[in-house]
Amino acid sequence: MAEIQLGAIESRYADMIWEHEPVTSSELVKLTAAAFNWKRTTAHNVLRRLIDKGLFQNKNGTVTSVISRQQFYSMQSKQYVETSFHGSLPAFLAAFMKDSSLTPQEADELHKFIDQVKEG
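Just so we're clear, the structure is a prediction, and the values are computed from it rather than from any experiment.

**Let's talk about the packing of aromatic side chains**
Applying the stated rule across the entire model yields 10 aromatic pairs. A centroid spacing of 5.3 Å and a plane angle of 50 degrees characterise the contact between Trp 18 and Phe 56, whose relative ring orientation is tilted. A residue pair is termed long-range when its members are at least 10 positions apart, and Trp 18 in helix α1 (residues 8-20) and Phe 56 in strand β2 (residues 56-59) qualify at 38 residues. A relative accessible area of 2% means that Phe 56 is categorised as buried.

**Structural notes on the pattern of salt bridges**
Under the criterion given, the structure shown has 4 salt bridges. With a shortest N-O distance of 2.9 Å, Arg 49 and Glu 10 are connected by a salt bridge. Linking Arg 49 in helix α3 (residues 40-52) with Glu 10 in helix α1, this pair joins segments that are 39 residues apart in sequence. Measuring nitrogen to oxygen at the nearest pair gives 3.8 Å for the salt bridge that ties Asp 15 to Arg 69. Placement of the pair is Asp 15 in helix α1 and Arg 69 in helix α4 (residues 69-85), with a sequence separation of 54 residues. For Arg 69, a relative accessible area of 32% corresponds to the partly exposed category. Sharing partners across several salt bridges, the network here consists of Glu 10, Arg 49 and Lys 53.

**Some points on the sheet that holds strand β1 (residues 23-24)**
With respect to topology, 3 strands assemble into an open sheet ordered β1-β3-β2, the strand pairing being antiparallel. The sheet is open, and its two borders are formed by β1 and β2, each paired with just one other strand. When β2 meets strand β3 (residues 62-65), the two strands line up antiparallel, connected through 4 bridges. Looking at β3, one finds that Gln 57 is bridged to Thr 64. The strands touched by α1 within the sheet are β1, β2 and β3, with β2 carrying the most contacts at an inclination of about 60 degrees. The sheet strands contacting α3 are β2 and β3, and the helix crosses β2 at an angle near 115 degrees.

**Observations concerning the nonpolar core**
Counting 23 residues, the largest nonpolar core has Tyr 13, Ile 17, Leu 28, Leu 50, Leu 55 and Phe 56 as the members making the most contacts within it. Among the secondary structure elements, those contributing two or more residues to this core are α1, α2 (25-36) and α3. What Leu 50 contacts, discounting residues up to four positions off in sequence, is Leu 6, Glu 10, Tyr 13, Ala 14, Ile 17, Leu 55 and Phe 56.

Parameters and conventions
- Residues numbered from 1 in each chain as written.
- Predicted model: local features only at pLDDT ≥ 70, side-chain atom pairs only at ≥ 80, totals over all residues.
- Heavy atoms only, no water.
- Phe/Tyr/Trp six-rings, centres within 6.5 Å; stacked < 30°, edge-to-face > 60°.
- Helix = DSSP H or I, 4+ residues; strand = E, 2+ residues; numbered from the N terminus.
- Buried < 20%, exposed > 50% of the residue type's maximum accessible area, 1.4 Å probe, protein only.
- Salt bridge = Lys/Arg side-chain N within 4 Å of Asp/Glu carboxyl O.
- Pairing = 2+ DSSP bridges.
- Contact = heavy atoms within 4.5 Å.
- Axes fitted to C-alpha atoms, helices over the stretch in contact; angles between N-to-C directions.
- Core = buried A, V, L, I, M, F, W, Y, C linked by side-chain atoms within 4.5 Å.

Here is the structure:
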């Protein structure tokens, strides 16, 4: 799937939709008025951009996701590792863990995850 770029406000709005879906577009207008102080036209315009980017769909006034929040952030994470670390997960982890340490529980969780991935 193609890379999807979201601005900060689009990201917050997308998270709001994922949190409340399925949600009517009129309910989104109310939610965005309370959270962002938006007018109806702004809520609909930003929703249209998110739909155009392939994240959501609006069928008969009900908004649902095309890709889940987990799928989206997984794609974003993979893209970040690809562009910033030439696709090297070990290089990313080395940079991420610099000047940090893992608790024994975190290390065990990572070992279990790696074992699961190895097994397929």
